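Close look at the chain arrangement
Residue strings, one per chain:
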Amino acid sequence: MSDIKMVEAPEGVNGEGFFATSLNTVIGMARANSLWPLPFATSCCGIEFMATMGANYDLARFGSERMSFSPRQADILMVMGTIAKKMGPIIKNVYEQMAEPRWVIAVGACASSGGIFDSYSVLQGIDKIIPVDVYVPGCPPRPEQIIDGVMRIQDLVRAESLRRRNQPEYKQLLASYGIE
Amino acid sequence: MELTNEIVLKRLQDKFPDAIEGHNMAYDFMNVEFKAEMISEVLGFLKNDPELNFMYLTDLCGVHMPAQTGKEIGVVYHLHNLEENYRFRLKAWVPESNPEIASATPFWLAANWMERETYDFYGVRFIGHPNLKRILNVDHMEIFPMLKQYPLEDTTREDKEDRFFGR
Amino acid sequence: MKEQSIFGEDHIVPEEKNYNTLNLGPTHPSTHGVFQNILQMDGEIIMSSEATIGYIHRAFEKIAERRPLYQITPLTDRLNYCSAPINNIGFHMTVEKLINVEIPKKVDYMRVIVMELARIADHLVCNTVLGVDSGALTGFTYMFQERERIYDMYEQICGARLTTNIGRIGGFERDFTPKFREQLEDFLKGFPKRFEEFDSLLTRNRIFMDRVIGVGPISAEKAVNYSFAGPNLRAAGVDYDVRVMNPYCSYQDFDFMIPLGTNGDTYDRFMVRQFEIRESLKIIKAAYDNIPEGNHYADCPEFYLPKKEEVYTSMEALIWHFKIIMGEIDLPAGEVYHAVEGANGELGYYLISDGGRQPYRLHFRRPCFIYYQAYPEMIKGQMLSDAVMTLSSLNVIAGELDA
């Protein structure tokens, strides 16, 4: 009995030499296992991200081998570190340049809610300016927690409908942030 | 020749008898307070004199003491002579209503950003500074945040209620 | 008028030159930190540049005026977050200087071991990321394994990996555990060989040397005038190290060398950090072999949290515990400046206390902030890719730059 875990195949019709399932599932699987992150590392959480990309914790196993620093080629925006009010317009600029479908992880306490810096110059959470999908708490979160955050994004990606980005609720969400 | 607190104090008192406003020892540093108008000559003397030769400006920062009327904002210089391994501290006080003092950039290039930071936090205007504008805060900020009358937290936030946070 | 052009005498150069403006913006393609440089370029050569910082200004100094002492230690962690123990211990030493308490020798030696481990961790980040920026990714992958071992050791002492909040005012929470000793001995045995492997990848590598020699130079006089400190100053040839000049924490008991460079260029900065890692290993070994007997904390009950067993059994310890946690201890009035040798240079703490429970003013003398001002001058006349190499060799950490 081998101890390798196999992932279950999705629901579908099996046959001799073919497997039929819905387009949603296949696209979801393909997207989930090849997410290209944009590491927006500003402070200490960025160093924990570097440790996550290193050999010990290895985020590349989850399909994130190629980190894109250009927003036009990235899928996930990983915001790691404190975002000051001076940095806010820049992060919004980067988010607007990303192409649909795009997801956002807020890694660390500072990106989620301002963290320990309840001061005049720190933005109290990036969800004040861009919509966020997954929050990873911690100061800084351990690499295992960052990987857990990426896995939750993978769950979201796998389950997402292909039409979600064109629907009025999504457009309303973006409009509430002032993003076209 | 080895520099000691007494030698430095005596040289300063000989050269600027009316600019010194006081001196004391704080732990292992000698503090000397000067009049803000004479600070440019004093710093030039400390840097260029062959015996004193303070070639290293360790730090330049500001302090706000609202209780001392007429001299609320202080500019603190930490100087270090690397060859003799001697350090001491200089202070100059300026009033909050008109916080102006001469810049130290002609003597130490390191003072450039340190003075911008002091301007950004306390509003002290350094005369002769090549590029005095805000460095750490957003450019359109109107107040000088480190002054004691301004709060730490952002006053425009809506989600955190002060009564839950003990403010 | 014909200008002299690198393409030869016959090439016609237009009379007016328009320089390109390039934004080397806050989002960097290498995880260095958020600072912006607006460059004026003539083709590939940089004519002038202007630096903008403050993109991660978190108002540490204002926060520190509103917090009791033990809540300021986590703030100091986030200054130079690659070597957080040095910042923590520096702050604790400043407070100990203010309250005038004598620290036992054993605490000094334990602190030296922790600080030198932090220095090794920080220099590893700087040098491996310098390799990554020039295309050499292997060193990064291997040396981050060593950083994981150092993180394991921090976890044994204080429970955290990166932002350690290590120690107490007056010493440490507990003595070194047997597991820590085992990990440290393994590290001391295995690290030198693995480090020499990394060294052999870059130090005498023809490509790397051609890439970094002569790039971003600064002279010794200019460096002193710009108040450089740390490895960047030593690469320019000035031997100023706070551990030697104003020894603290029993550094005078240890025998170590200070590596110096000659040109102050990127290769010198890289080599100075490589040699400093080897010297730090020597210091750790000497400290570990000679740890004296004694208590792992000083005798200052107003500031040192008592042991939990005593808190549950003795009345006095319970009262001290309550007062310290609720931040109701009054500091003596006075002003003190204390500097430690951080991984980037002289990290100073200027603490003014008015006798209250929180510091009246706490100013951090941050080496990154002070030497980054020289960056526009260092890259003038160099190519764009050299500017990136100079930036990563300076080891500018955004947390320390903006505070």
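Here is what the cut-offs are and how they apply
Each chain has its residues counted from 1, running along the sequence as written. Going through the entries in the order they are written, you letter the chains from A and number the ligands from 1. A pLDDT threshold of at least 70 governs which residues receive local features in this predicted model, and a stricter bar of 80 or more applies before side-chain atom pairs are shown or counted, although totals over entire chains, interfaces and linings include all residues. As a convention, hydrogens and water are excluded, and side-chain values are obtained from all of the structure's heavy atoms. Put plainly, a pocket is an open set of points on a 1 Å grid over the protein atoms alone with protein on both sides within 12 Å along at least five of seven lines, a cavity is a set where a 1.4 Å probe fits but cannot get out, and a lining residue has an atom within 4 Å of a point. Grid points are joined across faces, edges and corners, and a volume is the space filled by probe spheres set on the points. Strands here are runs of E lasting at least two residues and helices are runs of H or I lasting at least four, both read from the DSSP assignment and numbered beginning at the N terminus. Under the convention adopted here, Pro, Cys and the residues Ala, Val, Leu, Ile, Met, Phe, Trp and Tyr are nonpolar, Asp, Glu, Lys and Arg are charged, and Gly plus all remaining residues are polar. The contact rule is simple, with two residues in contact once any of their heavy atoms fall within 4.5 Å. A quick way to say it: buried area is the sum, across both parts, of accessible area lost when two parts are put together, with a 1.4 Å probe. A side-chain nitrogen of Lys or Arg and a carboxyl oxygen of Asp or Glu constitute a salt bridge if their distance falls within 4 Å. Pairs of N or O atoms are called polar contacts if they sit within 3.5 Å, as long as, within protein, a hydrogen donor faces a hydrogen acceptor (for residues adjacent in sequence, only side-chain-to-side-chain pairs). Note on geometry: axes are lines fitted to C-alpha atoms, helical ones only across the stretch in contact, with angles between N-to-C directions running from 0 to 180 degrees. When the near helix sits turned anticlockwise from the far one by under a right angle, the crossing is termed left-handed; a clockwise turn instead gives a right-handed crossing. Residue types Ala, Val, Leu, Ile, Met, Phe, Trp, Tyr and Cys, when buried and joined through side-chain atoms within 4.5 Å, form a set referred to as a nonpolar core. Relative accessibility thresholds used throughout: buried, under 20% of the residue-type maximum; exposed, over 50%; partly exposed, between the two (1.4 Å probe, protein chains only). Being paired, for any two strands, means DSSP has found at least two bridges between them. Each patch is assembled from residues with relative accessible area greater than 30% and no salt bridge, linking like charges that lie within 9 Å and nonpolar side chains (Val, Leu, Ile, Met, Phe, Trp, Tyr) that lie within 5 Å. To be clear on the numbers: accessible area is Shrake-Rupley with a 1.4 Å probe, and residue cover counts the displayed protein chains and nothing else. Between 65 and 115 degrees an angle is taken as roughly perpendicular, under 35 as roughly parallel, over 145 as roughly antiparallel, and anywhere else as oblique. In this scheme, a helix's expected span is set at 1.5 Å multiplied by one less than its residue total. The arc in question is traced by the directions running from the helix axis to the C-beta atoms.

Describing empty space enclosed by the protein
Residues and elements named next belong to chain A.
- Taken as a whole and assessed by the stated rule, the structure comprises six cavities of 30 Å³ or more.
- Put simply, the second largest cavity is a space of about 70 Å³.
- Around the second largest cavity sit 13 residues that line it, and Cys44, Cys45, Cys110, Cys139 and Pro140 are the ones nearest its centre.
- Those elements giving two or more residues to the lining of the second largest cavity turn out to be helix H2 (44–53) and helix H4 (109–113).
- Grouping the amino acids of the lining of the second largest cavity by side-chain chemistry returns six nonpolar, six polar and one charged.

Let's talk about the interface of chain C and chain B
- The interface of chain C with chain B comprises 43 residues on the first partner and 46 residues on the second.
- Surface buried jointly by chain C and chain B totals about 3900 Å² across both partners, of which 56% is contributed by carbon and sulfur atoms.
- Connecting chain C to chain B are seven salt bridges.
- Residue Glu50 of chain C pairs with Lys133 of chain B through a salt bridge whose shortest N-O separation is 3.3 Å.
- Along the contact surface separating chain C from chain B lie 32 residue pairs in polar contact (both at pLDDT 80 or more).

Brief notes about the packing of H2 of chain A against helix H5 (residues 138–158) of chain C
- Interaxial distance between H2 of chain A and H5 of chain C falls to 9 Å at its minimum, and their mutual angle equals 115°. Regarding H2 of chain A and H5 of chain C, the two cross each other, and that crossing is left-handed. Along its contact with H2 of chain A, which presents Ile47, Glu48, Met50 and Ala51 of chain A, the element H5 of chain C presents Phe140, Phe144, Arg147, Glu148 and Tyr151 of chain C.
- Classifying every residue of the contact of H2 of chain A with H5 of chain C by side-chain character gives six nonpolar, no polar and three charged.

Points about the nonpolar core
- Within the largest apolar cluster, 221 residues are counted, with the highest numbers of intra-cluster contacts made by Leu77 of chain A, Leu12, Tyr77, Phe88 and Ile101 of chain B together with Tyr372 of chain C.
- The biggest single contributor to this core is helix H4 (residues 105–133) of chain C, with 15 residues.

A closer look at the side chain of Glu61 of chain C
- Positionally, Glu61 of chain C belongs in helix H1 (residues 60–64).
- For Glu61 of chain C, a relative accessible area of 3% gives the class buried.
- Among the polar contacts listed, one links the side chain of Glu61 of chain C to the backbone nitrogen of Phe364 of chain C, at a separation of 3.5 Å.
- Sequence-distant contacts of Glu61 of chain C, defined by excluding residues within four places in its chain, comprise Glu117, Phe121 and Met146 of chain B together with Arg361, Leu362, His363, Phe364 and Arg366 of chain C.

Topic: unusual backbone geometry
- A cis geometry characterises the amide bond from Glu100 of chain A onward to Pro101 of chain A, with omega recorded as -10°.
- Secondary-structure assignment places Pro101 of chain A in the loop between helix H3 (88–97) and strand S5 (103–107).
- The amide bond that connects Cys139 of chain A to the next residue, Pro140 of chain A, takes the cis arrangement and shows omega of -10°.
- Relative to the helices and strands, Pro140 of chain A is located in the loop between strand S6 (134–136) and helix H5 (143–159).
- The phi angle at Ser227 of chain C is positive, at roughly 55°, despite the residue not being glycine.

Describing the pattern of salt bridges
Residues and elements named next belong to chain A.
- Following the criterion strictly, the structure yields 45 salt bridges over all chains and no others.
- The partner of Arg142 in a salt bridge is Glu144, with the nearest N and O atoms 2.9 Å apart.
- The class of Arg142 is partly exposed, set by a relative accessible area of 28%.
- For Glu144, a relative accessible area of 41% puts it in the partly exposed group.

Overview of the sheet that holds strand S3 (residues 37–41) of chain A
Residues and elements named next belong to chain A.
- Ordered by their spatial adjacency, four strands build an open sheet running S3-S4-S5-S6, and the pairing between neighbours is parallel. With partners counted over all chains shown, the strands left at the sheet margins are S3 and S6, one partner each. Going from strand to strand, the sheet's axes swing by 15° on average, the running direction of each strand aside.
- Note that S3 and strand S4 (residues 76–80) share five bridges and pair parallel. Within S4, the position partnered with Phe40 by the bridge is Val79.
- H2 rests against S3, S4 and S5 of the sheet, and its axis sits at about 125° to S4.

Some thoughts on a nonpolar patch on the surface
Residue and element names in this part refer to chain C.
- A cluster of nonpolar residues, Met315, Leu318 and Ile319, forms a patch on the protein surface that exposes about 290 Å² of accessible area.
- On the secondary structure map, Met315 appears in helix H13 (residues 315–325).
- According to the relative accessible area criterion, Met315 is exposed, its value standing at 58%.

A word on the packing of H2 of chain A against H5 of chain A
Residues and elements named next belong to chain A.
- For the pair H2 and H5, interaxial distance at closest approach is 9 Å and the crossing angle is 80°. Between H2 and H5, the angle is such that the two are roughly perpendicular. For the pair H2 and H5, the contacting residues are Glu48, Phe49 and Thr52 in the first and Pro143, Ile146 and Ile147 in the second.

With respect to the interface of chain A and chain B
- Each side of the interface is counted separately: chain A has nine residues, and chain B has 14 residues.
- Both faces combined, the contact of chain A with chain B buries some 930 Å², and carbon together with sulfur accounts for 48% of it.
- Broken down residue by residue, the surface that chain A buries against chain B is led by Lys86, Asp118 and Tyr120 of chain A, which jointly contribute 68%.
- If you look at where chain A meets chain B, you find zero salt bridges.
- Counting every contact that joins chain A to chain B gives two residue pairs in polar contact (both at pLDDT 80 or more).
- Split by residue class, the side of chain A that touches chain B holds one nonpolar, four polar and four charged.

Section: the sheet that holds strand S4 (residues 73–81) of chain B
All names here are of chain B.
- Pairing within the open sheet is mixed, and its five strands lie in the order S1-S2-S5-S4-S3. Either end of the sheet is taken by a strand with one partner, and the two such strands are strand S1 (20–26) and strand S3 (56–64). Strand-to-strand twist of the sheet, defined as the mean angle between neighbouring strand axes without regard to direction, takes the value 20°.
- By the bridge criterion, four bridges tie strand S2 (residues 29–34) to strand S5 (residues 86–94) in an arrangement that is parallel. Bridged to Phe34 within S5 is Ala92.

Considerations on H5 of chain A
All names here are of chain A.
- The end-to-end C-alpha separation of H5 is 25 Å, in line with the 24 Å expected for 17 residues at 1.5 Å each.
- Burial in H5 covers these residues: Pro143, Ile146, Ile147, Gly149, Val150, Ile153, Gln154 and Val157. Down the axis, H5 shows its buried residues gathered within 150° of arc, on one side only.
- The inward-facing, buried residues of H5 abut helix H1 (23–32), H2, S4, S5 and S6.

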